[in-house]
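# Chains, contacts and geometry: an overview
Here are the chains, one letter per residue:
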Amino acid sequence: MAGLDELKTGDRVRVQGGRNFEKFHGGMEGTIVENHPDSRNLVVQFDDVGTSGAEPLTVAYNHLEPAPDRGGYRAGHVPAAPSQPSSEGPKQPQGP
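The structure contained in this document is the topic of the report that follows.

## Remarks on the pairing of strand S3 (residues 41-46)
For S3, the buried fraction is high: five of the six residues fall into the buried class. Following strand S2 (residues 29-36), the chain reverses through four residues before pairing antiparallel with S3; arginine 40 in that reversal takes a positive phi of roughly 55°. Sheet topology note: the S3/strand S4 (residues 57-60) ladder contains four bridges and is antiparallel. Its bridge partner lying in S4, leucine 42 is registered against valine 59.

Right, dumping it as structure tokens:
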């Protein structure tokens, strides 16, 4: 897979999971408008303009990853809540 410095205008990127900022967060995807390898950042037009705004944003490489497949982000597994509450109350302490 190509490094971010090798990506071109029109290629796709995704914000890495766990990265959360006011204008972008983990899992958001967008299209590269400009790549600045010397500065190690990209100008990205995010798909979710409701969060990022209409204008492209400059984002550091360390927040991004290549996204060759649109929609490839998968959030981590979150265990489901128990289906039924326990009918037992809290156990009383047992001591000597």
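## Things to note about the environment of threonine 9
Among the structural elements, threonine 9 can be located in the segment before strand S1 (12-15). On the accessibility criterion, threonine 9 (59% relative accessible area) is exposed. Spatially, the C-alpha atoms of threonine 9 and valine 33 are 5.1 Å apart, while their sequence positions differ by 24 residues. Excluding residues that lie within four positions of it along the chain, threonine 9 makes contacts with Ile32, Val33 and Glu34. Here the side chain of threonine 9 touches valine 33 through a polar contact of 3.1 Å, landing on its backbone oxygen.

## Regarding the side chain of asparagine 41
When you line up the elements, asparagine 41 lands in strand S3. The contacts of asparagine 41, once residues within four sequence positions are left out, are Asn35, His36, Thr58, Val59, Ala60 and Tyr61.

## Things to note about unusual backbone geometry
Located in the positive-phi region is arginine 40, a residue other than glycine, with phi close to 55°. One can find arginine 40 in the loop between S2 and S3. Residue arginine 40 is classed as exposed on the basis of its relative accessible area, which comes to 52%.

The rules behind these values
Residues numbered from 1 in each chain as written. Predicted model: local features only at pLDDT ≥ 70, side-chain atom pairs only at ≥ 80, totals over all residues. Heavy atoms only, no water. Buried < 20%, exposed > 50% of the residue type's maximum accessible area, 1.4 Å probe, protein only. Helix = DSSP H or I, 4+ residues; strand = E, 2+ residues; numbered from the N terminus. Pairing = 2+ DSSP bridges. Contact = heavy atoms within 4.5 Å. Polar contact = N/O pair within 3.5 Å; in protein donor to acceptor, adjacent residues only side chain to side chain.

Remember that the coordinates give geometry; whether it matters functionally is a separate question.
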